[in-house]
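The primary structure of each chain is shown beneath.
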Amino acid sequence: MNSMNFSTAIVSTSISLISFFGITADSKAESVYKFDSEVIMEMKEYEGTTQKSNSDMKFFASAKHSHLGYVMQINTHGQSMAAKIIMDAKDNTMTTLIDQGGMKMGMQYDLSKMDSKTVGSGSSGGTKSDGEMKKTGRTKTILGHKCYEYEVTNDESYTSAWIAEDLKMTSFFDAFSKMQGMSKKYGGEMPSGFPMEINSWPNGKGTDQKYVVEVTAINKNKSSSISTEGYSIMKLN
């Protein structure tokens, strides 16, 4: 797998992870993004029962700013690559930064344009639901937090997300439904809280390809930052 295909796979993975919240994007980045809390996660990709890749991932949030970030160390096919993803609600941007072999590459998506290809694409020209979201009633405890299961289904994919409703990392999550009309998009109310575990089948429940994301640690008071300096950022849409 060459570096461009691999980096495209990283972007696809990040879109899958944040699609549960329906974020929009545009096309500019600040030089430095600062955060005040951190969640450590582990992400695994499966093809059937075979694990194809694993990624150590850190999620960053800020109570003062309308952005969040991911930092991933991905190991697959004998390669290792560092990737950083920044979601900025103020500027409506999704920026992916990749470090490999001394190269610093950046890609930027306008997710509002991507979303417009599916939402509102019905024959009537009106708003079209992307699927159904429902609270199943099942619960389990993860890292001391009681989590409630939500299922998101559409014609192609299935996602099961376990949400800790008592865990409020940042008020940024409250903006998601306002940004994209998420209750209309999925035909229900958006969950409040933080996803502690996500199981996603992009080709439908029970198919071979599966992504699993699990939270392994939470640091509510830890300062960090992501810098975009030194990266050549290319707009992809």
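Residues numbered from 1 in each chain as written. Predicted model: local features only at pLDDT ≥ 70, side-chain atom pairs only at ≥ 80, totals over all residues. Heavy atoms only, no water.

Asker: In this structure, what is going on with the nonpolar core? I would like to understand it.
Answerer: Nonpolar side chains tend toward joint burial in soluble globular proteins. Of all hydrophobic cores here, the largest spans 33 residues; its most connected members are Met41, Met57, Phe59, Met72, Phe194 and Met196. Counting 7 residues, the second largest nonpolar core, distinct from the first, contains Tyr33, Ile86, Ile226 and Tyr231. (Core = buried A, V, L, I, M, F, W, Y, C linked by side-chain atoms within 4.5 Å. Buried < 20%, exposed > 50% of the residue type's maximum accessible area, 1.4 Å probe, protein only.)

Asker: Just to check I follow, could you spell out the pairing of strand β11 (residues 194-201) for this structure?
Answerer: The side chains of a regular strand alternate between the sheet's two faces. The buried fraction of β11 is high, at 8 of 8 residues. Direction of pairing for β11 relative to strand β12 (residues 209-219): antiparallel, over a ladder of 4 bridges. Bridge pairing links Asn199 to Val212 in β12. (Helix = DSSP H or I, 4+ residues; strand = E, 2+ residues; numbered from the N terminus. Pairing = 2+ DSSP bridges.)

Asker: Whenever I open this one, the pattern of salt bridges confuses me. Can you help?
Answerer: One pass over the full model with this rule turns up 9 salt bridges. A salt bridge links Glu151 to Arg138, with the nearest nitrogen and oxygen atoms 3.3 Å apart. Linking Glu151 in strand β9 (residues 145-153) with Arg138 in strand β8 (residues 132-142), this pair joins segments that are 13 residues apart in sequence. Given a relative accessible area of 11%, Glu151 falls into the buried group. You can call Arg138 partly exposed: its relative accessible area is 44%. A salt bridge links Lys140 to Glu197; its shortest N-O distance comes to 2.8 Å. With Lys140 in strand β8 and Glu197 in strand β11, this pair connects stretches of sequence that are 57 residues apart. The partly exposed category is assigned to Lys140, whose relative accessible area is 30%. Overall, Glu197 belongs to the buried group, its relative accessible area being 12%. (Salt bridge = Lys/Arg side-chain N within 4 Å of Asp/Glu carboxyl O.)

Asker: For this particular structure, what's the right way to read the side chain of Ser160?
Answerer: Mapped onto the elements, Ser160 comes out in strand β10 (residues 158-164). Take Ser160: its relative accessible area is 5%, and that puts it in the buried class. Looking at Ser160, its side chain comes within polar contact range of the side chain of Glu149, at 2.7 Å. In this view, Ser160 contacts Glu149, Tyr150, Glu197, Ile198 and Asn199; residues no more than four positions away in its chain are not counted. (Polar contact = N/O pair within 3.5 Å; in protein donor to acceptor, adjacent residues only side chain to side chain. Contact = heavy atoms within 4.5 Å.)

Purely geometric numbers; function is a separate question.
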